[in-house]
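The primary structure of each chain is shown beneath.
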2 protein chains.
Amino acid sequence: MARLGSFDRLSLNQITTERWSLREAVEGCVRAGVPWIAPWRNKVAEAGLSESRRMIQDAGLQVSSLCRGGMFPAATAAERQARIDDNRRAVEEAAELGAQVLVLVCGPSPDRDIDRARGWVAEGIDQLVPFAREHGVRLGIEPLHPMQAAERSVVVTLGQANTLAEQFAAQDVGVVVDVFHVWWDPELYSQIARAGERILGFHVSDWIVPTPDMVLGRGMMGDGVIEIRRIREAVEAAGYNGPIEVEIFNRAVWDAPGDEVLALMKERYLEHV
Amino acid sequence: MARLGSFDRLSLNQITTERWSLREAVEGCVRAGVPWIAPWRNKVAEAGLSESRRMIQDAGLQVSSLCRGGMFPAATAAERQARIDDNRRAVEEAAELGAQVLVLVCGPSPDRDIDRARGWVAEGIDQLVPFAREHGVRLGIEPLHPMQAAERSVVVTLGQANTLAEQFAAQDVGVVVDVFHVWWDPELYSQIARAGERILGFHVSDWIVPTPDMVLGRGMMGDGVIEIRRIREAVEAAGYNGPIEVEIFNRAVWDAPGDEVLALMKERYLEHV
């Protein structure tokens, strides 16, 4: 299996340097020679949308994705409508920032009826698609790990995300493959092949053993058990050659100085991705 | 959806009262009118195999399963053989105790190559089947939650367990459906239907939110988000009408007096299973 030869596709997902403001993250990427960034909406809001766009553009960075839209299921029709409205704002922000894709973390069920919640996700995306298309923003459904089914997303496998995405045109809706969420899946490679041109993003981190925390337990690439390179080559064989985001939720990584995190991330990227 | 009308099918999986010896668990079941028990091998070893058989028989209890065999993948051929040898002892113990099934927790991979580890699981079961058949013991593959893929089992979905079981005769190898491990699966109901007569066991507990721990975070039925009754009715529609084990890994449950746990378990069984 072949190493990546450069950092041309490397993207800093902003959560990896959670303590940095957007300005600090942009400047950190420039210092480190990381050409892509994936900002989070709360950080964009802190900096202001226009100012965020300007600083990213001035720095010469490209935006791999905006994190995140989604969170469609809710107990009442009014609340579900409020979620759609918020997703529309996320689409506008993604368009303004020139993001390649708006990542959708689809949301948990408000009660025990997970099938109904899954229906609300499909309805939510259906309502969002025309607005996103008008704004030139593609929607990327990110299946989360099944351990987050009750708290973050009722969409938990790549197969399920593919089935959902296929209800829409490939120009409008695709999937995001995050190795942390999908590495365990016996159908992983067949579902990556099935996703094909619908793969709109590829995220890397690692699964460390023992896993210290369900949310903040992700590791730096190489520190865990995921066959990251094999998965990267599979998404490439399926047709994806876009940016590769490093997205790590981990307290120890967050507590380290950002420049050190980026230096380590670059080293591990060549070694393990 | 209909409640269960009696405790005829209720089984205490011994881990639910982890602090009790086998004798205490047997006596507790008799006091509570719980007709089935699922002992763990370490507790059987403490009490002695013949004495375990005798006390369970004298108490008039039936054995729903023995926990557990499995753990097939290992780095060396010698170690994998040692695992097979241990599984043979587990089969002998299950036969001696009159257990309906030996539960297989298939084991994690010794390295990053999860596909190869899955192959070792299939090979291990293949080696074990003739011995188990001679002893009249059926093997029940229990898919574990994907969050346990790196530490306990490379078999993580009911679909995968079905595919594995179908390599063998239905008389020899089936699957065990534990709601905690499978509730999140978009294919759950189709895979339960597919399993049909191969369903050899049904385990209940609940998924509590927020989940306090990846291993010890299971809840008492009714304390979480799992549609337990719907799943129970689905396994019945598929043809399973055997014992229903309550299997709860939870520090607070373990710290409570066993008789109180059994009383609560019975109440919740009628209310939520």
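Residues numbered from 1 in each chain as written. Chains lettered and ligands numbered in written order. Predicted model: local features only at pLDDT ≥ 70, side-chain atom pairs only at ≥ 80, totals over all residues. Heavy atoms only, no water.

(A) Molecular detail of the overall build of chain A. The number of helices and strands found in chain A is 11 helices and 11 strands. In summary, chain A has a C-alpha radius of gyration of 17 Å against a globular reference of 19 Å for 273 residues, a match within 12%. Along the three orthogonal principal directions, the C-alpha set of chain A runs to about 45 × 45 × 35 Å. Out of the 273 residues belonging to chain A, those deemed buried represent 60%. For chain A, the share of sequence-separated contacts (at least 6 apart) that also reach a separation of at least 24 residues comes to 79%. (Helix = DSSP H or I, 4+ residues; strand = E, 2+ residues; numbered from the N terminus. Rg over C-alpha atoms; globule rule 2.2 N^0.38 Å. Buried < 20%, exposed > 50% of the residue type's maximum accessible area, 1.4 Å probe, protein only. Contact = heavy atoms within 4.5 Å.)

(B) Quick peek at unusual backbone geometry. The step from Cys67(B) to Arg68(B) runs through a cis peptide bond, and the omega angle for that step is 0°. Relative to the helices and strands, Arg68(B) resides in strand 4 (residues 66-70). Residue Val209(B) is joined to Pro210(B) through a cis peptide bond whose omega torsion reads -5°. Mapped onto the elements, Pro210(B) comes out in the loop between strand 9 (206-207) and strand 10 (218-219). Phi at Met71(A) is positive, roughly 55°, even though this residue is not glycine. Structurally, the position occupied by Met71(A) is in the loop between strand 4 (66-70) and helix 4 (77-97). Given a relative accessible area of 22%, Met71(A) falls into the partly exposed group.

(C) Representation of the side chain of Glu247(B) within the structure. Residue and element names in this part refer to chain B. Secondary-structure assignment places Glu247 in the loop between strand 11 (244-246) and helix 10 (251-255). According to the relative accessible area criterion, Glu247 is buried, its value standing at 4%. A distance of 3.4 Å separates the side chain of Glu247 from the side chain of Asn13, its partner in a polar contact. When sequence neighbours within four positions are dropped, the list of residues in contact with Glu247 reads Asn13, Ile15, Thr16, Trp40, Cys67, Glu142, Asp178, His203, Val204, Ser205 and Arg218. (Polar contact = N/O pair within 3.5 Å; in protein donor to acceptor, adjacent residues only side chain to side chain.)

(D) Up close: the layout of surface pockets. Considered as a void within the structure, the largest pocket measures approximately 580 Å³ in volume. Lining the largest pocket are 29 residues; nearest its centre among them are Thr157(A), Asp185(A), Glu187(A), Asp185(B) and Glu187(B). Those elements that place two or more of their residues in the lining of the largest pocket are helix 5 (114-134), helix 6 (158-165) and helix 8 (188-195) of chain A together with helix 6 (158-165) and helix 8 (188-195) of chain B. Per-class residue counts for the lining of the largest pocket are 9 nonpolar, 12 polar and 8 charged. (1 Å grid on protein atoms, 1.4 Å probe; cavity = no way out; pocket = protein on both sides within 12 Å on 5 of 7 lines; lining within 4 Å. Points joined across faces, edges and corners; volume = space filled by probe spheres on them. Nonpolar A, V, L, I, M, F, W, Y, C, P; charged D, E, K, R; others polar.)

(E) Molecular detail of the interface of chain A and chain B. Taken together, the 31 residues of chain A in the interface contact 31 residues of chain B. When the two sides are added together, the surface that chain A and chain B hide from each other amounts to roughly 2500 Å², 61% of it contributed by carbon and sulfur. The salt bridge partner of Arg230(B) is Asp115(A), with a shortest N-O separation of 2.8 Å. At the junction of chain A with chain B, the criterion picks out 10 residue pairs in polar contact (both at pLDDT 80 or more). Across the side of chain A that touches chain B, the residue classes tally to 15 nonpolar, 7 polar and 9 charged. (Buried area = accessible area lost by both parts, 1.4 Å probe. Salt bridge = Lys/Arg side-chain N within 4 Å of Asp/Glu carboxyl O.)

(F) Local environment of the sheet that holds strand 1 (residues 10-13) of chain A. Residue and element names in this part refer to chain A. Taken together, 9 strands build an open sheet; the order of strands is 3-2-1-11-8-7-6-5-4 and the sheet is parallel. Since the sheet does not close on itself, it has two edges, and those belong to strand 3 (62-63) and strand 4, each with one partner. Bridge count for strand 2 (residues 36-38) against strand 3 is 2 bridges, and the pairing is parallel. Bridge assignment links Trp36 to a residue of strand 3, and that residue is Gln62. In the packing of helix 1 (residues 22-32) onto the sheet, contacts are made with strand 1 and strand 2, and the angle to strand 2 comes to roughly 155°. Lying on the sheet, helix 9 (residues 228-237) is in contact with strand 7 (173-178), strand 8 (199-204) and strand 11 (244-246); it crosses strand 8 at an angle near 170°. (Pairing = 2+ DSSP bridges. Axes fitted to C-alpha atoms, helices over the stretch in contact; angles between N-to-C directions.)

(G) A look at the pattern of salt bridges. Residues and elements named next belong to chain A. Within the structure shown, the criterion is met by 42 salt bridges over all chains. Linking Arg133 and Asp172 is a salt bridge whose minimum nitrogen-to-oxygen distance equals 3.0 Å. In this pair, Arg133 sits in helix 5 while Asp172 sits in the loop between helix 6 and strand 7, placing the two residues 39 residues apart along the sequence. Here Asp172 falls in the buried class, since its relative accessible area comes to 9%.

That's the geometry; what it means functionally is another story.
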